[in-house]
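What follows is each chain in one-letter form.
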Protein chains: 2
Amino acid sequence: MQDDDKKNDPSVDFGVLNEFLGYRLRRAQMNFFTKFNDVCSDLGISPGLFAVLAIVERNPGLTQTAVAQALGNDRSAMVAAVDKLEGKNLLERRPAKNDRRSYALFMTDEGQVFFKTLCDRVTAYENQMAKRLQNEDEKRWLLDILERLAE
Amino acid sequence: MQDDDKKNDPSVDFGVLNEFLGYRLRRAQMNFFTKFNDVCSDLGISPGLFAVLAIVERNPGLTQTAVAQALGNDRSAMVAAVDKLEGKNLLERRPAKNDRRSYALFMTDEGQVFFKTLCDRVTAYENQMAKRLQNEDEKRWLLDILERLAE
DNA sequence: TATTGTTATACTCTATAACTATA
DNA sequence: TATAGTTATAGAGTATAACAATA
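- As annotated in an unreviewed UniProt entry, chain A carries the name MarR family winged helix-turn-helix transcriptional regulator and is attributed to Rhodanobacter aciditrophus.

Structure follows, in structure tokens:
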């Protein structure tokens, strides 16, 4: 492979795929997913675990179900996620005050420090990717569009 | 749930997640994925299978490995995919001319008709989603940005 | 009756390694 | 040696159903 790049093979016609937002979103998201893992997998943090940490950090005391609803996945998936994060001593379950069925989730001190490291790494590669946008306004606009397409 | 919508619960602060393209891309893509399945799952076609059909339709005779490379996934994943699509009589493996190791993939006549139905359905919901964009120029621009973010 | 966390389970998607038959 | 298709396998991610404790 001297000069040509098979990933951009011009001999393959993508047809309607190139016109479909769904496909283009998937390819872009897969790329971000891969880069996230390049940057964070040595810390044992996947994009999904990062999202849980981000929610708990900004909303201490939320229940597992509340976090699951915020992130748009099933509450049963939270068990393994919180188990992992608690096992790494990044957050902890505390008994909820007025409901003995549920736990309230909080970050540990160690979790706070760890999350800052994570954010620095993720922010660095996010900024790297954002350089492909023209300017800050364009990023704002893209984030706004993506939010509208997520409902 | 009378007037309020838990999916947009204003009491949950998403913090940095709202600023990260990776997270916003994922949420938007998940939404498209769900809607795709709403529209096509009765036909037994997932987004991944649709992509294979789209590539073969526009590039008859490609090998399995070439399709896998175009779509950015491993060639081992193509086996089950092509098995399914061949089982539905939508495409077929033919012995490649100059290489007895590989198959060339072609759409069947039934596949051609079926793919048109699929495209109609997917295009309909794509257009529905595109209404959230201002105009055709904005969609062009978004597709262009997504392509740049996919590398 | 309904809800929380949990478990068991299953299904999809994806990637890796090894095998075979070819090149 | 290298490559195409295949197989086995394993790891995520995700969803459903059911259960015990609690509301």
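Read on for the rest.
### Overview of the protein's contact with DNA strand D
Working step 1: Taken together, 18 residues sit near DNA strand D, with S76 of chain A together with R26, T65, R101 and S102 of chain B positioned nearest.
Working step 2: Within the side chain of R26 of chain B, an N or O atom sits 2.7 Å from a phosphate oxygen of DNA strand D.
Working step 3: At the level of secondary structure, the elements contributing two or more residues to the surface near DNA strand D comprise helix 3 (64–71) and helix 4 (76–87) of chain B.
Working step 4: Among the residues making up the surface near DNA strand D, the classes are represented as two nonpolar, seven polar and nine charged.

### Remarks on the relation of the copies chain B and chain A
Both copies of the chain are related through a single rotation about an axis accompanied by a shift along the same axis.
Working step 1: With an RMSD of 0.0 Å, chain B superimposes on chain A once it is rotated by 180 degrees and translated 0.0 Å along the axis. Each copy turns onto its partner about a two-fold axis. Relative to the rotation axis, the closest C-alpha in chain B is found at L25 of chain B, a distance of 3.3 Å.
Working step 2: A symmetric contact is evident, with 100% of the interface residues of chain B recurring at the interface of chain A.

### Some thoughts on the interface of chain B and chain A
Working step 1: Each partner contributes to the interface: chain B provides 56 residues, whereas chain A provides 56 residues.
Working step 2: Both sides together, the interface formed by chain B and chain A hides about 5,600 Å², and carbon and sulfur atoms give 63% of it.
Working step 3: Looking only at chain B, the three residues that lose the most surface to chain A are F20, L21 and L149 of chain B, adding up to 11% of its buried area.
Working step 4: Residue R58 of chain B is joined to D13 of chain A by a salt bridge in which the shortest nitrogen-to-oxygen separation is 2.9 Å.

Conventions and cut-offs
Residues numbered from 1 in each chain as written. Chains lettered and ligands numbered in written order. Predicted model: local features only at pLDDT ≥ 70, side-chain atom pairs only at ≥ 80, totals over all residues. Heavy atoms only, no water. Near = heavy atom within 4 Å. Polar contact = N/O pair within 3.5 Å; in protein donor to acceptor, adjacent residues only side chain to side chain. Helix = DSSP H or I, 4+ residues; strand = E, 2+ residues; numbered from the N terminus. Nonpolar A, V, L, I, M, F, W, Y, C, P; charged D, E, K, R; others polar. Least-squares fit on C-alpha atoms with pLDDT ≥ 70 in both. Contact = heavy atoms within 4.5 Å. Buried area = accessible area lost by both parts, 1.4 Å probe. Salt bridge = Lys/Arg side-chain N within 4 Å of Asp/Glu carboxyl O.

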